[in-house]
Amino acid sequence: MSYIDDNDIKKSYYDILEISPSSTDSEIKIAYREKLLSTHPDKQSNPTSTTTSSSSSEIEVIKDAYRTLIDPILRKTYDESLLKSIQRQGFNVTGEGLDIYDLNDFDMNEQSDDSLIWYKDCPRCHSLKSICLTETDLEEHGTEDGIGGYNIIVQCSSCSLWIKVTYEESIDEDD
């Protein structure tokens, strides 16, 4: 895979509640209630004993996530341990220290299904088109940079090099 996949690391409490780390207390409460309602066994169509037991354990995780994120002290401690855990796994979440490239530095090709794909030769191992991004990668895995653009961290498919790619959302002229 050319980007950090959510399945490669354990889900964070933010992922469980489907919120961002910058969410407010009221956003956390709303997400918590929605998640509980969507997970509750009584709300499931065709509940079985397996569904009920897995829902029960999932509800406990949701409750733990809420208790931790709603308490400012627990949340700060959790955020610090989450960052350290991710760093121990070798992921550089912020992209600090990585070489930075703009998406405009990549070659772009239109696929037969009209989707776009961007390629770049690896600056380290020189493997051709070994750094690749799709529109889906950019839409689903890019993070806001705080100044109107986006970042995504991507790995060469031939070596261990990770780079940070910056880009801006394009505005359709048809709108």
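Given the structure is predicted, the values throughout are model-derived calculations rather than measurements. (Residues numbered from 1 in each chain as written. Predicted model: local features only at pLDDT ≥ 70, side-chain atom pairs only at ≥ 80, totals over all residues. Heavy atoms only, no water.)

Another point: the pattern of salt bridges. For the structure shown, the criterion picks out four salt bridges. When the shortest N-O distance is used, the salt bridge between K63 and E60 registers 4.0 Å. Of this pair, K63 and E60 are both found in helix 3 (residues 49–70), three residues apart, which corresponds to roughly one turn of the helix. Its salt-bridge partner being D64, residue R67 comes within 2.6 Å of it at the nearest N-O pair. Residue R67 and its partner D64 are located together in helix 3, separated by three residues, close to a single helical turn. (Salt bridge = Lys/Arg side-chain N within 4 Å of Asp/Glu carboxyl O. Helix = DSSP H or I, 4+ residues; strand = E, 2+ residues; numbered from the N terminus.)

A word on the environment of L128. Mapped onto the fold, L128 is located in the loop between strand 3 (116–120) and strand 4 (131–134). With 29 residues separating them in the primary sequence, L128 and S157 have C-alpha atoms 9.9 Å apart.

Now for the sheet that holds strand 7 (residues 162–167). Taken in spatial order, the four strands make up an open sheet running 1-7-6-5, and their pairing is mixed. What marks the edges here is a single partner per strand, and that holds for strand 1 (99–102) and strand 5 (143–144). Across two bridges, the pairing between strand 5 and strand 6 (residues 150–155) is antiparallel. Across the sheet, residue T143 finds its bridge partner in strand 6, namely N151. (Pairing = 2+ DSSP bridges.)

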